[in-house]
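Examination of the molecular architecture
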Amino acid sequence: MVVGFSMTRSAALPDDLRDTPVPAHVAIIMDGNGRWARERGLPRVAGHREGAESVRDVVRACRQIGVRALTLFAFSAQNWQRPDDEVQALMELLGRYVIEERGEIMDNGIRLTAIGEVERLPGFVRQPLAMLMDDSAKNSEMALCLALSYGAREDLVRAVRDLAQQVVDGKRAIEQIDEQLISSALWTHELPPLDLLIRTSGELRISNFLLWELAYSELYFTDVSWPDFRRAHLFDALRAYHQRERRFGRTSSQLSDDSSKTDE
Ligand code: IPE
Ligand code: IPE
Ligand code: MG
């Protein structure tokens, strides 16, 4: 049976968050699966498996509370360097996730998208992914963006090459290259500006994720490992987010209350 996510936004939020604006775009570096497993004497893949449960709960929560876009770092361009059996297990979990979540994604108006070198993924991931992306393309409640074989530097290199080619071909003048054009050449071009980045498991680094998009995002780091991360931890991140004053280079007194929370 397919379980819907329907619930009013306020019912899904804890009392203290009910009247606060929800970030439009949240991204998560889902880290710490291997350490979670090791601490329990389990193989690393057990951590990845439990991490898939965290994905389910967090996607549901984000959809219920009205997040417009959720980007999940599931596999980096650099993660191909891991041992073959771990890469294989991760790909199998990904393929299974895309197949098993189809009902929930479609029933809840979620548009599935992907960023990264998806052509590098094995066919058993690429094919169900492409099909679900296609079938969910018109859904408009929330975008769920999976970063797969993703690297921000790789994306920037690709975008620079594209734009340089357009100049060489005489289709564009160098003067036309500005921030907006670069943003529109990146894989993330369809997503709203990134408001909040969460990284789990205590590492204080970005690991080649969304380097351009992070310019004015709020950063939230937690020691909780990804397999333990559930909606209650997401709400903790939202509480921290609401304590921040997003100034975008201006001074506090220049900001009106309403314009201070989104990068638009
Ligand atoms: C995150 O957990 C999942 C992926 C990077 C695919 P890790 O596998 O990096 O877990 P740790 O960081 O080694 O504990
Ligand atoms: C970043 O985590 C990539 C994902 C969460 C998919 P890593 O575990 O690969 O990053 P490093 O190696 O600690 O920087
Ligand atoms: Mg890690």
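**Description of the packing of helix H3 (residues 44-65) against helix H9 (residues 231-243)**
Running from N to C, H3 and H9 cross one another at 50°; their axes reach a closest spacing of 9 Å. When the interaxial angle is binned, H3 and H9 end up oblique. Relative to H9, the crossing made by H3 is right-handed. Across the interface between the two elements, Asp57, Arg60, Ala61, Cys62, Gln64 and Ile65 of H3 pack against Arg231, Leu234, Phe235 and Leu238 of H9. Taken together, the residues of the contact of H3 with H9 break down into 6 nonpolar, 1 polar and 3 charged.

**Comments concerning the sheet that holds strand E5 (residues 196-199)**
Spatially, the 6 strands line up as an open sheet ordered E3-E4-E2-E1-E5-E6, and their pairing is parallel. Two strands in the sheet have a free side with no partner beyond their single neighbour: strand E3 (110-115) and strand E6 (218-221). Taken pair by pair, the neighbouring strands of this sheet meet at an average axis angle of 20°, ignoring direction. Strand direction decides the pairing type here: strand E1 (residues 25-29) and strand E2 (residues 69-76), joined by 5 bridges, are parallel. When the bridges of E2 are listed, His25 appears paired with Ala69. Running at roughly 160° to E2, H3 makes contact with E1, E2, E3 and strand E4 (142-150) of the sheet. Strands in contact with H9 are E5 and E6; relative to E5, the strand with the most contacts, it is inclined by about 135°.

**A look at the site of ligand 2**
In the vicinity of ligand 2, the contacting residues are Ile29, Met30, Asp31, Phe73, Ala74, Phe75, Asn79, Arg82, Arg199, Arg205 and Ser207. Interatomic distance of 3.4 Å between a side-chain N/O atom of Arg199 and an oxygen atom of ligand 2. Taken atom by atom, the bulk of ligand 2 overlaps the largest pocket. Take the shell around ligand 2: its biggest share by element is 3 residues, from E2. The residue makeup of the shell around ligand 2, split by class, is 5 nonpolar, 2 polar and 4 charged.

**Considering the side chain of Thr71**
Following the sequence through the fold, Thr71 ends up in strand E2. Classification of Thr71 by relative accessible area gives buried; the value is 0%. Among the polar contacts listed, one links the side chain of Thr71 to the side chain of His25, at a separation of 2.7 Å. Apart from the residues within four sequence positions on either side, Thr71 is in contact with His25, Val26, Ala27, Ile28, Ile115, Cys145, Leu191 and Phe209.

What counts as what
Residues numbered from 1 in each chain as written. Chains lettered and ligands numbered in written order. Predicted model: local features only at pLDDT ≥ 70, side-chain atom pairs only at ≥ 80, totals over all residues. Heavy atoms only, no water. Axes fitted to C-alpha atoms, helices over the stretch in contact; angles between N-to-C directions. Helix = DSSP H or I, 4+ residues; strand = E, 2+ residues; numbered from the N terminus. Parallel < 35°, antiparallel > 145°, perpendicular 65-115°, else oblique. Left-handed = near helix turned anticlockwise from the far one by under 90°. Contact = heavy atoms within 4.5 Å. Nonpolar A, V, L, I, M, F, W, Y, C, P; charged D, E, K, R; others polar. Pairing = 2+ DSSP bridges. Near = heavy atom within 4 Å. Polar contact = N/O pair within 3.5 Å; in protein donor to acceptor, adjacent residues only side chain to side chain. 1 Å grid on protein atoms, 1.4 Å probe; cavity = no way out; pocket = protein on both sides within 12 Å on 5 of 7 lines; lining within 4 Å. Sits in = over half its atoms within 2 Å of the grid points. Buried < 20%, exposed > 50% of the residue type's maximum accessible area, 1.4 Å probe, protein only.

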